[in-house]
Each structure stands twice: as structure tokens, then as C-alpha cells.
Amino acid sequence: MSVSPFENGPRAQAAHLLNRIGFGPRPGDIGRVLAQGFDRFVESQVYPDADADVRSRLSGLQTLDYSTARVLELFNADNRTIGPIIDEFNSAKLIRAVHGTNQLQEVLVDFWFNHFNVNLNDGFVRYSLTSYERDAIRPFVLGKFRDLLSATAHHAAMMYYLDNYLSTGPRVVGGVTRLGLNENYGRELMELHTVGVDAGYTQQDVTEAARVLTGWGIDNTGRSGQFMFRLANHDRGAKSVFGLGIPAGGGQEEGDRLVDYLADHPATAQFISKRLVQRFVSDDPPAGLVGRCAATFQGTGGDIARVMLTIFGSREFWDPSVFGAKTKTPLEFVLSALRAVDAQVSRASSVTPVLTAMGMPLYQCIPPTGYTNVGVEWLNPSSHLARVNFAFDIAGGATLAGITTAPRSAAEGADFTSATSVATAVADELFGNRMSFESYEAASRVAAGGSVSMLTRALGLMLASPEFQAR
Amino acid sequence: MTWDISRRVFMRGAGLAALGVGFHPSSLLVRAAEAAGAGDEVLVSLFLRGGADGLNMVAPYGDPQYYSLRQTIGLGRPGQAGGLLRLDDTFGLHPSLAPLKPLFDEGRMGVLHAVGNYNLGRSHFDAQDFMETGTPGVKGTTSGWLDRGLADIPGRDITQGVAFSAQVPRSYIGGEPVLVAQSLTSFDFRARNWRDEAERLLHAMYDGNPSPVGKTGRETMAAVNVLLRTPEVNAAPANGAVYPNAFVGTSLRQAAGLIKARLGTRTIFVNVTGGFDTHANQIVANQNDYTNLGQALAAFDRDLGPLMDKVVVMVNTEFGRTAAENGSVGTDHGSGFAMLYLGGRVRGGRVHGRWPGLAKAQLYQERDLAVTTDFRDAFTEAAVRHLGVTDAAALFPGYAPESFPGVIA
């Protein structure tokens, strides 16, 4: 086996693919992907079948199917019920990401949730979060962008998080005309969800978009928590939003027209493509690939699966200079580490504090910009220290509630009394042999003897290595 | 390869032999001592994320339009129960910032109002980016203003610039080493019974690695070493100071610890997230956030005691909010905002700046408090008069302040 930073053979390519299309290889994954062939593997990820294993693992988590009304009913009867519901929601994410065969689907659920971010800690969002991800995000992640956009625009969680449920047209109260407009969602719909801040829209367009969306709200936040349009709150005047003219006298359909208009806008194809390429290829997205993705997006009516095929078939994706070049976010690091030790996950509660310590509390991103997809922005000394310590913990088989690990599987076939043997096996199994001489050599220099096993120390160092912090 | 005091030299000489690391933690402490003697003023910069409303933080109750613009969220006049705390005939302090009122009266806390910049825009992300990189309206600037400030003052070790934040703030992006942490307690490797071997082999992995991960790893290890040898960073607060149990409180407590430990820290950044983006239900959100902010700042002042003569605290945000309230008992994104200052060199007991007024014709685009002081003038004043930065022109490329607002003596 040769170990060098320039090893770009089939195993390194497979590792790269597994690191980008999903959350990193489990022991044995590189071999399986090579046996299947890259094309068939990518196809199976972009057009996934149902995953019976994951379904079985989730079957005990009954609250995953609860409607917002059901969650509110339970909460109203007993405040303490919301904690376990959030726990199950977090656990489902972890179980799917660690165990799911349909890795791309889980990466995209994460990506699109982040794109259409809502914050778990924001009042009513807490009770509608289970429904939001299940009903407005997950079904659409590999489908048409317009469907995804529309679903989030029609979900009570988004109406609440971006204050749109409070936004009304001008109303006369006690003889005085009160302005009721709240422009938060109107702004972010364009800036963050569709065309992007550089598309050329003005403050006037933001205000007009907000006027279009007046009346889009929630029936009530205490019992049913469903999206509802109220004509009485709608500003029925004529509007003009970023080139879309809307005559006076309309109702809910104005907002639907705006959503469609923005979904179809060329700037949206560009903005979404750039973010996807940034997530899957490089912090600094190559313009040529972004352009080709935007063309695919526009030519297919916003078909996300087709855009993914464009990405995974591109020379930019397979250029060795991008292998291992993207820093993992804290979530990506934790998930890849758990997969690396063949973790069996049933609950997330021991992992969520780790993510918080690394600066990425799960589902708790405060601003609507969501967590950044630029990997290097996650690097800082305390977050890095938390990663090193997590690596040491799980390599040592630390007791994590709801999680069991099998560190030995990361070094399948190795002589566990030899650090060199362990390092060699791990480099092959998890890195596709693409690793610097320095890191490999350091792990193989773990001394014999001592109270801490060779496997714990050598594997711990490999998971704490610079190479494992990136993908 | 040795750990060079100048990171810029280190980065340039990046083609290195991988083995034979010579890491000498004691050399860091020597440099820290040198740095402390070479100027030990500290600038503590608090960034309130989300666009904090300056018009209720320091409310112009004496301006004829204030109460008509804010019929529901306008704060009560000084003297009313739960009302503003009188600063002068025009301005009152938000009641939840009450712990700062005595400091104002004693001349140790001051305000700069109607500060900002129109080219920041009203997008959170852009406004923060433009403000922190210091180039309003210009994208793609690759360093932050605090990084450029640090580059100009003596001191090169890992604790020279510190940020209490989940991520590296844009203000610090650049070549200067910065210790970014959410908390400095328990800052060590968790390798029971093999800690020294772990540290040695981690060094072997990270010391020669030219990637951004490599750079961060080296900073981590430098920080671990310095903090292990300086336990007083986490000592109990002095003078009976009690910090609130919120991130701004724990961060300022540790900031005070760093300053008291005299490690050569020159700039400290605290990333204050919360409910400042008050599109709706502003009253309650402000109460919560300002209670924590006021208590934390007052505790910091008490904790440091006479050391506050060496410290300036500057509190800012990315933009203010609309002068009029919106339909949701809140306010939308605006322009001019208010900055709070604490410290020995601050000309406290005053509201500085030029008040533009709130009449419709005086508002920016008939909606926002206008800007009458460019934020770059305020930041440059702090850097030059307090930190001792001499190359002011480098702080904000393409901009030279014509005058300083006069908040710092």
C-alpha cells in the first residue's frame, strides 16, 4: 500500500464520493461502492429506493408522525411532553444520517432545511418543527425546487419564524389608519430563498413582496397550527415586485404567483446552483460548473435530481485537487466519525451537546441565513479541540447514551498489537489511502504498552487528524 | 520547523520538513510578557447580531416625534413607572440597562448616537460583512478590520486577539492569530493516561500541515498550552461582581480573567446573539437581551476595578431599525444606531454624536434614523487613541476619517 497525499486511485475516488454524496464511509463502504460501480451508485443515490432498514430503526419513534395539532394537544395537556418529542426528532436525524443507505437524500434534507432555516427555539416553531421537516422539506429534496419553495411558503413554521403571520395590509382602527406590514419574510424570500441579495431587487421590491404576502398566516398557534390565508388581512392594492406586476383586487393567488415567479427567475437558478456547488464541490464554487448547473436547473424546471447528476458527473467534482479540500462542518465531522466506528444509534441526546460545543447546535440556527456551507468558516481552536476530544472519546469506546460503537471495525483485519498495522488498515478503510505521510506516520508511532489500548490511541489520532477534519 | 512569533513569516515559509517539531511553550510566555510591557490597553468589542434598535436602547424621549412614531412600543418618559432612565433632556436609557446608569452618572459610560453607514445595506449578512471587513458596499475584502488593527500593534501570541464566538468573526479574518472559543474553561485534551503522547503526536500531524485545518490545529495547541499555564483566567470574579447566566455574561467574565492574567491580550470580541432582530414583539425581546447585557457590562466594570483604565468596551450592531413601529409591535431593518462605550478613557456621562431628528424629512428614505457619524470614524478613534494603532489608513481601506467623534479621550 502506498500512502501519499497524491494517491488518487480508485479507493481514494470512492472515499471522495462517499464523503461528498453522503456523510462519509462506514467500514466496508469503499469496497461496496467500487463493486457497484460509481455510475450505478450515484444513480441509486439520486433516485433512491425506500430504505426498509431505516424505517425499521425509526419505527419506535412514534412522535415522528405527529401533526402539529397533535403535538400542541399533548403540550397543552402537559408541558413536559415537548422535550421527548424534540429528542425523537433529533434522534431520527441522527439515525437516518448514520444508518441510511440513501445518504444523498439525508445530505439534501440537511441542506434544504438549512436553506429554508427555521429555529427550534423560536416559540411556535418548537411545536411545528416535526411537521415542517417531514411535510415541507423531506418529500421534495430531490424533486422540483418550486415544490419545495411553495411547501415552505405554505408552512405555519415559516410563517411564524419570519413573522409573516403578523403582517397585514393597512387597517383602519378607531378612525386611524395603522400600517400592519412586516417585511421580514418578503425580504428573506428573495434574499435567502430564491434570487439572492445580488439579484438587483430594491428596498421597494422588498416592501411590495411583503404586501403581496399579507394575509399569509396561521389559523392559530395554540391548537391546530396550520397555514391559513386571511383575506381580511391582505393588502388588495396593485403591486409590482421585481418585474412582476400584480393588479388590484387579488387574494392568496398573488403570493402563489410570486412564489412561482421567483422559482422561475434566472437569478434563482444561479443562486441555488451556486449554493449546491458550494456544499458538494468547493467552498469557492467553480463558475463553470455553477453555470452548467444553472442551465440544467432552468432547462428542467428546477429539477434538483438532474442538477445533482450534473454535479456528480462533472470534471470539477472529480478533480483530485478537490479531494479532501473541504473542511467538514461540526455536523459532518460528528456524523462521519460515528459512521467510521460503525456506530449503532438509537438516541441523539449524547451527541447534541457535542454539536453545541462545536458551535453548531442542532436545529438551533438563530438567523434565517442558516448555517454556512463554507467549511473553513467552522474552523476555530475551541471547535477543533472539541473535535479532537470527540475523536478520542469514540475511538476509546466511551459510553454515549443511545449509541454503541465498534472501533475495531475501522481497522478490520489489522494486528491490534501493532500501531503501524492499525494505522495502515484505517487509512485504507476510511481514507482510501489518501492521507499525508505525517498523519499516517504519527498514528503508527503510538508506543506499545500502557493502560490505553493501541487501537484507541491510533484510531483516535486518525479521527483527530487534519485529514479527517476535511472531506 | 519552529513556531515562529510572526505568523506571516511562518505562512510564507510553508515548504517544511515534516518531522522534528520544536515547540516551546515557554517562548510564548516570554513574548506575552514582552507584549504586555509594550502597551497593554485592551479593546473589548461587543457585536449585537441582528440589528439592535438604537431608538429604544437610548430613546430620544425629548424628540417631538418619538411617541407618535412608536405609539405602542415607545418607552415611558423618565419618572414614569418602568420608564426610561434619564440621561439628559433628550435621551433616556432603556430601563433594562439600569445597571449601566450609575456608570453613566459617574462618567464611565457614554453613548454615540446616529452612527452607521448607508452602504451597509439592510441585509443582515451583507451589513455585518461590510462592517466587519470595513469596506461598506465592497464585497470580497479578505481581512477584517480588527485583524488589520492587530497587525499594527505589538504582540503576536495566540492570546493577543480573542473572540468569544461559535465561529471566527469576520472582524478577525486574516493572518493574525486569534483564539476563538465559546468558553475557555476545561481547554485541554481529553486523553486520560496518554495525554503527553497525544499532544506530541498531534503536533507531528499538525505542525507541517499547510491547510486551514493545519493552521487551526496549531492555534488549538498553542491555546491549550497557554491556558493550562494560566489558571487565573478562570478564577472567580473580584469585588463581588456577579455576571448573568447568559453567553454575554460568561464571555465577559472570562474576558476579565484574560485581562487580569496579563497575557498580552489586546483585543477581545464578544459575539452577542439573541433577540435583537425585533421584527415583532420588540418590548419583551429587548427586555430579555438588555437585562443580560446591562448586568454583564456592569459586572465586568466592577470585576476589573482600576484595570478599567486600560480598557475600552465598545458595543455596536450592524444597523438600527425603522423609526416607526411596524404592524407587529416591532420594527424592521433600518440605518442609524446607538453605540455604548465603557472604560477609563471614555468621555462618559454624555450622549455624543449629532442628533438628526425624527421628522419625516429628517429620516433616511422617510423610514430610518439618519446616520450622522460614520462607524469607521468611531472604530478608528478606538484603535488609534486607545489601542495605539499608528497606521490608521490601513484599518479602513479607501477611507480616511476627517474627524473623530470624541468619545474616547
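**Considerations on the overall build of chain A**
And step 1. Each helix and strand in chain A was counted, giving 23 helices and 8 strands.
And step 2. In terms of C-alpha radius of gyration, chain A reaches 24 Å, essentially the compact-globule figure of 23 Å for 471 residues.
And step 3. Dimensions of chain A, computed from the C-alpha atoms along their principal axes, are close to 85 × 55 × 40 Å.
And step 4. For chain A, the residues scored as buried account for 62% of the 471 residues in total.
And step 5. Put simply, of all contacts in chain A between residues at least 6 apart along the chain, 71% involve residues at least 24 apart.
And step 6. Of the roughly 16,300 Å² of accessible surface on chain A, a fraction of 52% belongs to carbon and sulfur atoms.
And step 7. The averaged location of the 48 negative side-chain charges in chain A is 2 Å from the averaged location of its 41 positive side-chain charges.

**A look at unusual backbone geometry**
Residues and elements named next belong to chain B.
And step 1. Of note in the backbone geometry, alanine 114 takes a positive phi value of approximately 55 degrees without being a glycine.
And step 2. Locating alanine 114 in the fold gives a position in strand β5 (residues 109-116).
And step 3. We classify alanine 114 as buried; its relative accessible area is 0%.
And step 4. You will see that serine 186, though not glycine, has its phi angle at about 50 degrees, which is positive.
And step 5. Among the structural elements, serine 186 can be located in the loop between β7 (178-181) and α8 (195-206).
And step 6. The class for serine 186 is exposed, based on a relative accessible area of 70%.

**Focus: the interface of chain A and chain B**
And step 1. Taken together, the 55 residues of chain A in the interface contact 53 residues of chain B.
And step 2. Summing both partners gives a buried area of about 4,400 Å² for chain A against chain B, and 58% of it is carried by carbon and sulfur.
And step 3. The largest contributions to the chain A side of the interface with chain B come from Pro381(A), Leu385(A) and Pro466(A), which together make up 13% of the buried area.
And step 4. Linking chain A to chain B there are 5 salt bridges.
And step 5. We note a salt bridge from Lys139(B) to Asp198(A), for which the minimum N-O separation is 2.9 Å.
And step 6. Among the secondary structure elements, those contributing two or more residues to the side of chain A that touches chain B are α11 (184-193), α19 (352-357), α20 (381-395), α22 (437-444) and α23 (454-464) of chain A.
And step 7. Of the residues forming the side of chain A that touches chain B, the biggest block, 9 residues, is contributed by α20(A).

**Remarks on the packing of α22(A) against α8(B)**
And step 1. Where α22(A) contacts α8(B), the axes come no closer than 7 Å and their chain directions differ by 165 degrees. Comparing their axes, α8(B) and α22(A) come out roughly antiparallel. The way α22(A) lies across α8(B) gives a crossing that is right-handed. Between α22(A) and α8(B), the contacting residues are Glu438(A), Ser439(A), Ala442(A) and Ala443(A) on the first element and Leu201(B), Ala204(B) and Met205(B) on the second.

**Section: helix α8 (residues 125-137) of chain A**
Helical periodicity: at 3.6 residues per turn, an α-helix aligns residues three or four positions apart in one direction.
All names here are of chain A.
And step 1. Between its first and last C-alpha, α8 extends only 15 Å over 13 residues, short of the 18 Å set by a 1.5 Å rise per residue.
And step 2. Of all the bends in α8, the largest measures some 40 degrees and sits at serine 131.
And step 3. Burial of α8 is extensive: 10 of the 13 residues sit out of reach of the surface.
And step 4. Considered for burial, the residues of α8 that qualify are Val125, Tyr127, Ser128, Leu129, Thr130, Ser131, Tyr132, Glu133, Ala136 and Ile137.
And step 5. Those residues of α8 that are buried are in contact with α5 (68-77), α6 (82-99), α7 (103-115), α9 (145-153) and α10 (156-161).

**What about the nonpolar core?**
And step 1. Trp112(A), Met308(A), Ile311(A), Leu46(B), Leu252(B) and Phe300(B) are the most contacted members of the largest nonpolar core, which has 228 residues in total.
And step 2. The element contributing the most residues to this core is α6(A), with 9 residues.
And step 3. The residues that make up this core include at least three from each of domain 1 (162-263) and domain 2 (330-469) of chain A.
And step 4. If you look at the next biggest cluster of nonpolar residues, it comprises 36 residues, including Val115(B), Ala127(B), Phe130(B) and Phe337(B).

**Re the confidence of the model for chain B**
Residue and element names in this part refer to chain B.
And step 1. When pLDDT is averaged across chain B, the result is 89; 90% of the residues are at 70 or more.
And step 2. Note that residues 1-38 has pLDDT below 50 and, in this model, 52 contacts with residues that lie over four places away or in other chains.
And step 3. At the level of chain-chain contacts, confidence expressed as ipTM amounts to 0.94, with global pTM at 0.87.

**Regarding the pairing of β5(B)**
Residue and element names in this part refer to chain B.
And step 1. Within β5, 8 of the 8 residues are buried, which leaves it mostly tucked inside the rest of the structure.
And step 2. In this structure, β5 lies alongside strand β10 (residues 337-343), joined through 5 bridges in antiparallel fashion. In the sheet register, leucine 112 faces β10, and the bridge partner there is methionine 339.
And step 3. In terms of strand pairing, β5 meets strand β11 (residues 351-352) through 2 bridges, oriented parallel. Pairing of valine 111 across the sheet is with valine 351, part of β11.
And step 4. Here 2 bridges tie β5 to strand β12 (residues 373-374), and the two strands are oriented parallel to one another.

**Here's the deal with the environment of Asp284(A)**
And step 1. As for its position among the elements, Asp284(A) is in the loop between α14 (266-280) and α15 (287-299).
And step 2. For Asp284(A) and Val446(A), which are 162 residues apart along the polypeptide, the C-alpha to C-alpha distance reads 37 Å.

**Some words on helix α9 (residues 212-228) of chain B**
And step 1. Its 17 residues place the ends of α9(B) 24 Å apart at the C-alpha level, agreeing with the 24 Å of an ideal helix rising 1.5 Å per residue.
And step 2. Counting buried positions along α9(B) yields 14 of 17 residues, so the element is predominantly enclosed.

**Brief notes about the environment of Glu73(A)**
Residues and elements named next belong to chain A.
And step 1. Topologically, glutamate 73 is positioned in helix α5.
And step 2. Under the relative-accessibility criterion, glutamate 73 is labelled partly exposed at 49%.
And step 3. Measuring from C-alpha to C-alpha, the distance between glutamate 73 and glycine 222 comes to 8.5 Å, with 149 residues separating the pair along the chain.

Parameters and conventions
- Residues numbered from 1 in each chain as written.
- Chains lettered and ligands numbered in written order.
- Predicted model: local features only at pLDDT ≥ 70, side-chain atom pairs only at ≥ 80, totals over all residues.
- Heavy atoms only, no water.
- Helix = DSSP H or I, 4+ residues; strand = E, 2+ residues; numbered from the N terminus.
- Rg over C-alpha atoms; globule rule 2.2 N^0.38 Å.
- Buried < 20%, exposed > 50% of the residue type's maximum accessible area, 1.4 Å probe, protein only.
- Contact = heavy atoms within 4.5 Å.
- Areas by Shrake-Rupley, 256 points an atom, 1.4 Å probe, with all protein chains shown as cover.
- Lys, Arg positive; Asp, Glu negative; His and termini not counted.
- Charge placed at Lys NZ, Arg CZ, Asp CG, Glu CD.
- Buried area = accessible area lost by both parts, 1.4 Å probe.
- Salt bridge = Lys/Arg side-chain N within 4 Å of Asp/Glu carboxyl O.
- Axes fitted to C-alpha atoms, helices over the stretch in contact; angles between N-to-C directions.
- Parallel < 35°, antiparallel > 145°, perpendicular 65-115°, else oblique.
- Left-handed = near helix turned anticlockwise from the far one by under 90°.
- Expected span 1.5 Å × (residues − 1).
- Bend = angle between axes of the 7 residues up to and from the residue.
- Core = buried A, V, L, I, M, F, W, Y, C linked by side-chain atoms within 4.5 Å.
- Domains from an automatic or database assignment.
- pLDDT = per-residue confidence, 0-100.
- Pairing = 2+ DSSP bridges.

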